[in-house]
Protein chains: 2
Amino acid sequence: MASLRDTTPPTNGAPLTVGNGRVKNARKLARRSFRAEHRLFLADGPKAVEGALSLPGCVVEVFATADAAARHAVLREAVAGVGVDWTLVDDRALASLSDAVNPAGVVAVCRFVDRPVDHVLAPSTVVGARDDRGHPRLVTICADVRDPGNAGTVIRTSDAAGADAVLLAGHSVDAHNPKTVRATVGSLFHLPIATVDDPADAVRRAQSAGLVVLAADGAGEIDLDDAIDDGLLAGATAWLFGNEAWGLPDELAALAGHRVRIPIHGQAESLNLSTAAAVCLYASARAQRAQRASRVDPRSVDS
Amino acid sequence: MASLRDTTPPTNGAPLTVGNGRVKNARKLARRSFRAEHRLFLADGPKAVEGALSLPGCVVEVFATADAAARHAVLREAVAGVGVDWTLVDDRALASLSDAVNPAGVVAVCRFVDRPVDHVLAPSTVVGARDDRGHPRLVTICADVRDPGNAGTVIRTSDAAGADAVLLAGHSVDAHNPKTVRATVGSLFHLPIATVDDPADAVRRAQSAGLVVLAADGAGEIDLDDAIDDGLLAGATAWLFGNEAWGLPDELAALAGHRVRIPIHGQAESLNLSTAAAVCLYASARAQRAQRASRVDPRSVDS
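Keep in mind that this is a model prediction, so the values were computed, not measured. (Residues numbered from 1 in each chain as written. Chains lettered and ligands numbered in written order. Predicted model: local features only at pLDDT ≥ 70, side-chain atom pairs only at ≥ 80, totals over all residues. Heavy atoms only, no water.)

A. Looking closely at the environment of B:H176. Residue and element names in this part refer to chain B. Note that H176 resides in the loop between β6 (165-169) and α9 (178-184). Here the alpha-carbon distance between H176 and C110, two residues 66 residues apart in the chain, equals 9.6 Å. Setting aside residues no more than four positions away along its own chain, H176 makes contact with R35, F41, F112, V113, D114 and V181. (Helix = DSSP H or I, 4+ residues; strand = E, 2+ residues; numbered from the N terminus. Contact = heavy atoms within 4.5 Å.)

Here it is in structure tokens:
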């Protein structure tokens, strides 16, 4: 591991055991404070490692069991191709690095993927739903989202809906928490993630970047169906989602351009956070694409 | 507990302890086999108990700590109002009945809520999106959905989207699993649930009830946006969702009227089951309501 001190003598090719210094150091990355200190985290499983490899410079070292090395020869070649160590460990050592019930046999030590918020919201032509000039068109802001599974699922859904970025604001869970990483199923590596200390600051920066902020709020003044019908979702939008238990504080929701409620047609009191985010983000994705399709593109007209 | 043998002597009003026979019997309801044998389950927390009370005859007995009894006086009155015992237990006994990290202090022993599938799909004028003649218009079918949190969230989302019923088919998780019950946040008691052994049978029964079955399938031949544009979602629909890991078997998907894929605009491979279900069910809810609104209702015309 590049930036963690390692004084363990070499093992002459034998798989590292649970007591090995490098394995011990990697294991400490289960702790948020240790992750933050070194800006390193663990990507668990072949899909996650594959995703991390797609980000240049992200993977620092890969630990794998002999079984997994045999099963994932293509992945091993890809790791070698970027000049990263593939280190054999025994089953117990691998299991100590994974919080999965059935570890998949491959774990990578990775550099943090979050980027400065200004960079994430700046014009670019690289990702997602960005408009013709590269400005972001669909962004997700999580304010104090505490559950790692929820945060990971919201990142995955944002990716699927073609969002340009996810901002994790306030006391939201660490994007590099093992449970969050797993719930993203690779999407952590697919779209830019930024961490913002103050949720109000995240809202203001999104607005400065030309996005209309829509707060998802069960008590919102606009019904989502009406927001769609009125064209509110067709423009550049940032969705603001609050904590899974207590929602958005009033003063934060008040900063948004509009507060939008998902209609509840049955007797449920509300939706859970990740399903609500899916409904909102897919409504935006559809509205933005319908709006684009309705513009006449001269290149698409037969001559 | 009405149908469980209890040979414990009375405690003369002192809170029951963890070793009490009634508490022990209730605790066994954590096991699926014991639940199935007695067709009883545990509803954990004041919201769940309140939901269960809304179903006549559902609640058999309530256990509560003295603290919770003081906090939930209205609930206690409601329980007394339907002639059900409210039994004081100590903190340890209550905790033994709850799988929550922080038990809320109230747990009810309830009768199973599932109903025969024919009853659930029969014309009625009571619930959900049913049409003017009481036929179901929006139904959810889960085929081999194994994760209790997913199944519970799908039931909650179905309720929110105004669905008429949920069918849990094949090797789907037990609707009365404590984790499922918790994830429904009361919706388990809001709309009819049926258990069907064979998923193919569930599809055929939905079709016999006049529903077009749409299989949610990442490899489906119709994009969800096109399905909306083509009016496919405006009619009476049953959504068929498969296992969270391996989706729908081809032969089951083939029984559906159409296989619909949610568009993936980014790099994610797929959505998770409960978010996919939310996108599909809310697309149907919106399409069905738009279609109803477009019909001229003579009663709504000013004279």
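B. The relation of the copies chain B and chain A, seen in detail. Expressed as a screw operation, the relation of chain B to chain A combines 0.0 Å of axial shift with a rotation of 180°, fitting to an RMSD of 0.0 Å. Interpreted geometrically, this transformation is the action of a two-fold axis. When you check the interface residues of chain B against chain A, 100% turn up at the interface there too, and the contact is symmetric in its surfaces. (Least-squares fit on C-alpha atoms with pLDDT ≥ 70 in both.)

C. Structural detail: empty space enclosed by the protein. Under the criterion given, the structure shown has 1 cavity of 30 Å³ or more. Here the residues of the lining of the largest cavity sort into 7 nonpolar, no polar and 1 charged. (1 Å grid on protein atoms, 1.4 Å probe; cavity = no way out; pocket = protein on both sides within 12 Å on 5 of 7 lines; lining within 4 Å. Points joined across faces, edges and corners; volume = space filled by probe spheres on them. Nonpolar A, V, L, I, M, F, W, Y, C, P; charged D, E, K, R; others polar.)

D. Region of interest: the packing of helix α13 (residues 273-294) of chain A against helix α13 (residues 273-294) of chain B. At a minimum axis distance of 8 Å, the contact between α13(A) and α13(B) shows a crossing angle of 50°. By the angle between their directions, the pair α13(A) and α13(B) is classed as oblique. Viewed along their axes, α13(A) and α13(B) form a crossing whose handedness is right-handed. Residue-level inspection shows A:S274, A:T275, A:A278, A:V279 and A:Y282 of α13(A) in contact with α13(B), the latter providing B:S274, B:T275, B:A278, B:V279 and B:Y282. Grouping the constituent residues of the contact of α13(A) with α13(B) by class yields 6 nonpolar, 4 polar and no charged. (Axes fitted to C-alpha atoms, helices over the stretch in contact; angles between N-to-C directions. Parallel < 35°, antiparallel > 145°, perpendicular 65-115°, else oblique. Left-handed = near helix turned anticlockwise from the far one by under 90°.)

E. Broad picture of the pattern of salt bridges. Under the criterion given, the structure shown has 22 salt bridges over all chains. A salt bridge links A:R286 to B:D229; the shortest N-O distance between them is 2.8 Å. You can see A:R286 sitting in helix α13 and its partner B:D229 sitting in helix α11 (residues 224-229), one on each of two chains. With relative accessibility at 26%, the residue A:R286 sits in the partly exposed group. What makes B:D229 exposed here is its relative accessible area of 54%. Where B:D201 meets B:R205, a salt bridge forms, and the shortest distance between an N and an O atom there is 3.1 Å. Of the two residues, B:D201 and B:R205 both sit in helix α10 (residues 199-208), 4 residues apart, roughly one turn of that helix. (Salt bridge = Lys/Arg side-chain N within 4 Å of Asp/Glu carboxyl O. Buried < 20%, exposed > 50% of the residue type's maximum accessible area, 1.4 Å probe, protein only.)

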